[in-house]
Amino acid sequence: MYMDSRNFDPSGKTICPECGEAFFPVLGERDQTLKIQDQYPNAALWEREQLITGLCSQKCWNDHIGIGEYEEYDPDETPDGE
Ligand SMILES: [Zn+2]
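What this report covers is the structure whose coordinates are included nearby. Since the model is a prediction, treat every value here as computed from it, not as a measurement.

### Considerations on the overall build of the chain
Logical step 1: Check the secondary structure of the chain and you find 3 helices and 3 strands.
Logical step 2: Secondary structure elements of the chain, listed N to C terminal, follow the sequence β-β-β-α-α-α.
Logical step 3: Split into buried and exposed, the 82 residues of the chain put 16% on the buried side.

Dropping the structure here:
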């Protein structure tokens, strides 16, 4: 079982823990048998976050972890932790 800490509204939308917006993830629903980075190797970090934490956007992701509003985040500079 992979990490999925999202909250859902009654219609099945994911609720953003930062702004409270309900939305459907842009990537669609994930395959719980795969690691998300294997299922969506080319997705933006915030797109994957929609399926993990429910954060809806780069802005909410930045707000949530406490970095600048539109500060660049380059996932290529972060090791995947293998
Ligand atoms: Zn949000």
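The discussion continues.
### What about the sheet that holds strand β2 (residues 14-15)?
Logical step 1: The 3 strands are arranged β1-β2-β3 in an open sheet whose pairing can be described as antiparallel. The open sheet has two free edges, formed respectively by β1 (7-8) and β3 (22-23), since each of these has just one partner strand.
Logical step 2: Bridging between β2 and β3 involves 2 bridges; their strand directions are antiparallel. Counted as the bridge partner of T14 is F23 from β3.

### Brief notes about the nonpolar core
Logical step 1: In terms of nonpolar packing, the biggest core is built from 5 residues, these being C16, L55, C56, C60 and W61.
Logical step 2: Contacts of C56, omitting those with residues within four sequence positions, involve C16, C19, E21, F23 and Q50.

What counts, and at which threshold
Residues numbered from 1 in each chain as written. Predicted model: local features only at pLDDT ≥ 70, side-chain atom pairs only at ≥ 80, totals over all residues. Helix = DSSP H or I, 4+ residues; strand = E, 2+ residues; numbered from the N terminus. Buried ≥ 20, exposed ≤ 12 C-beta atoms within 10 Å, placed from the backbone. Pairing = 2+ DSSP bridges. Core = buried A, V, L, I, M, F, W, Y, C linked by C-beta atoms within 7 Å. Contact = placed C-beta atoms within 7 Å.

Read these as geometric descriptors, not functional statements.
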